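# Remarks on the overall topology
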Amino acid sequence: MADRIVSWHASPSKPRYTPPPGAIDAHCHVFGPMARFPFSAKAKYLPEDAGPDMLFALRDHLGFSRNVIVQASCHGTDNAATLDAIARSQGRARGVAVVDPAIGADELAALHAGGIRGVRFNFLQRLVDDAPKDRFLEVAGRLPAGWHAVIYFEADILAELRPFIAAIPVPVVVDHMGRPDVGQGPHGPDMTAFRALLDSRPDIWFKATCPDRLDIAGGDPWDAFATAVAPLVADYPDRALWGTDWPHPNMEQAIPDDGHLVDMIPRIAPTAELQRKLLVDNPERLYWAD
Ligand code: 0GY
């Protein structure tokens, strides 16, 4: 296998923006440590260790209070590293698991006890070997009460996924807004299609995340991202979440400064009320309801 990848900034700046008390970074991951939590044999990338101590130090440095840790594809369906990080957080982290759809009720209950509140269905071919919609729907019908499905896809397959998304029997959270081309602007074809999806169900949420992935052409300070995403947050203020995406899987080429990512928040959510919804109220409803 190839060398292990470092995809995170060595010394992120201190953001100028101060998040509100209780703020939640609702999209981040942990990698390993590999000696305790080996990566999946099917992993498409092999990262260096980026464990809970690093994550919690970053949380404090950026002025956040809590994390939602999303199981990264490099750990496959073994959620041990994510659960270990949640267990070490002293109640300040919850998580999203990736499961074998054949998972049983006892195992789902154990994940719930460990702080998991959703499952992730990943449709990116560069990250996973297969994405069986029928099996995803079957397990989505058996999730513990209060859970949701997180889906990760790119804009070019949104139309094809619409019947699948319509059939998901629990609330849906879309990672990185389904990766629109933000260069098209707030009312380009990708954002228009995404708004149509949001309008199709009242319980579809989205992560207004990853300017570093979606605005590669523009780059930091990611003006095109701000221009395209601020109207979406304004129009759907009760359904937006925010996260760093640390440790930025696969972002070897243009590793973002996490302090700069935090400084994008007032550009996509310009009022204190919007910021409070984005960073506290909305993720609390999804992850800390019980
Ligand atoms: C992200 C994005 C990516 C990777 C993963 O689970 C993962 O490996 O989510 C990606 O490469 O686009 O949200 O972390």
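Structure first, text after, so check above.
This structure is a prediction, so every number in the text was calculated from the model and none was measured.

## Notes on the environment of Met251
Tracing the sequence through the fold places Met251 in the loop between β8 (240-241) and α9 (258-263). In this structure Met251 comes out as buried when scored by relative accessible area, which is 9%. Distance from Met251 to His187, taken between C-alpha atoms, is 27 Å for residues 64 residues apart in sequence. Leaving out residues up to four positions away in the same chain, Met251 has contacts with Ser7, Asp212 and Arg213.

## Thoughts on the nonpolar core
Of all hydrophobic cores here, the largest spans 85 residues; its most connected members are Phe121 and Phe206. When residues of this core are assigned to their parent elements, the largest contribution, 6 residues, is made by helix α8 (residues 223-235). Sequence-distant contacts of Phe121, that is, excluding residues within four places in its chain, are made with Phe136, Val139, Ala140, Ala149, Val150, Ile151, Tyr152 and Phe164. Counting residues in hydrophobic clusters, the runner-up holds 12 residues, among them Ile24, Ala26, Trp205 and Leu241.

## Quick look at the site of the ligand
Near the ligand there are 15 residues, and of these His29, Tyr45, Ser73, Tyr152 and His176 occur at the shortest range. The separation between an oxygen atom of the ligand and a polar side-chain atom of His29 is 2.6 Å. In this structure, an oxygen atom belonging to the ligand sits 2.5 Å away from a side-chain N or O atom of Tyr45. Relative to its unbound accessible area of 340 Å², the ligand is 100% covered by the protein chains. Of the pockets mapped on this structure, the ligand occupies the largest cavity. By residue class, the composition of the shell around the ligand is 5 nonpolar, 5 polar and 5 charged.

## Description of the sheet that holds strand β7 (residues 204-207)
Across the sheet, which stays open at both edges, the 8 strands sit in the order β1-β2-β3-β4-β5-β6-β7-β8 with parallel pairing between neighbours. With one partner strand each, in any of the chains shown, β1 (24-28) and β8 form the two edges of the open sheet. Here 4 bridges tie strand β2 (residues 66-70) to strand β3 (residues 93-97), and the two strands are oriented parallel to one another. Residue Val68 lies in a different strand from β3, and its bridge partner there is Arg94. Packing against the sheet, helix α6 (residues 189-200) makes contact with β6 (172-174) and β7, and its axis sits at approximately 140° to β7.

## A closer look at the packing of α6 against α8
Between α6 and α8, the shortest axis-to-axis distance is 12 Å and the interhelical angle comes to 15°. Looking at the two axes, α6 sits roughly parallel to α8. As α6 runs across α8, the sense of the crossing is right-handed. Along the contact surface, α6 presents Met191, Phe194, Arg195 and Leu198, while α8 presents Ala228, Val229, Pro231, Leu232 and Asp235.

## A short note on the layout of surface pockets
Considering only enclosed or pocket space, the largest pocket measures out at about 490 Å³ in volume. Around the largest pocket sit 22 residues that line it, and Lys42, Thr77, Val98, Val128 and Asp130 are the ones nearest its centre. Counting residues per element, the ones that place at least two in the lining of the largest pocket are β4 (116-122) and α4 (133-140). For the lining of the largest pocket, the element with the highest residue contribution is β4, accounting for 3 residues. Among the residues making up the lining of the largest pocket, the classes are represented as 9 nonpolar, 6 polar and 7 charged. Of the volumes computed, that of the second largest pocket is approximately 240 Å³. Around the second largest pocket, the lining comprises 13 residues; the ones closest to its centre are Phe123, Leu124, Gln125, Ala131 and Ile157.

About the thresholds
- Residues numbered from 1 in each chain as written.
- Predicted model: local features only at pLDDT ≥ 70, side-chain atom pairs only at ≥ 80, totals over all residues.
- Heavy atoms only, no water.
- Helix = DSSP H or I, 4+ residues; strand = E, 2+ residues; numbered from the N terminus.
- Buried < 20%, exposed > 50% of the residue type's maximum accessible area, 1.4 Å probe, protein only.
- Contact = heavy atoms within 4.5 Å.
- Core = buried A, V, L, I, M, F, W, Y, C linked by side-chain atoms within 4.5 Å.
- Near = heavy atom within 4 Å.
- Polar contact = N/O pair within 3.5 Å; in protein donor to acceptor, adjacent residues only side chain to side chain.
- Areas by Shrake-Rupley, 256 points an atom, 1.4 Å probe, with all protein chains shown as cover.
- 1 Å grid on protein atoms, 1.4 Å probe; cavity = no way out; pocket = protein on both sides within 12 Å on 5 of 7 lines; lining within 4 Å.
- Sits in = over half its atoms within 2 Å of the grid points.
- Nonpolar A, V, L, I, M, F, W, Y, C, P; charged D, E, K, R; others polar.
- Pairing = 2+ DSSP bridges.
- Axes fitted to C-alpha atoms, helices over the stretch in contact; angles between N-to-C directions.
- Parallel < 35°, antiparallel > 145°, perpendicular 65-115°, else oblique.
- Left-handed = near helix turned anticlockwise from the far one by under 90°.
- Points joined across faces, edges and corners; volume = space filled by probe spheres on them.

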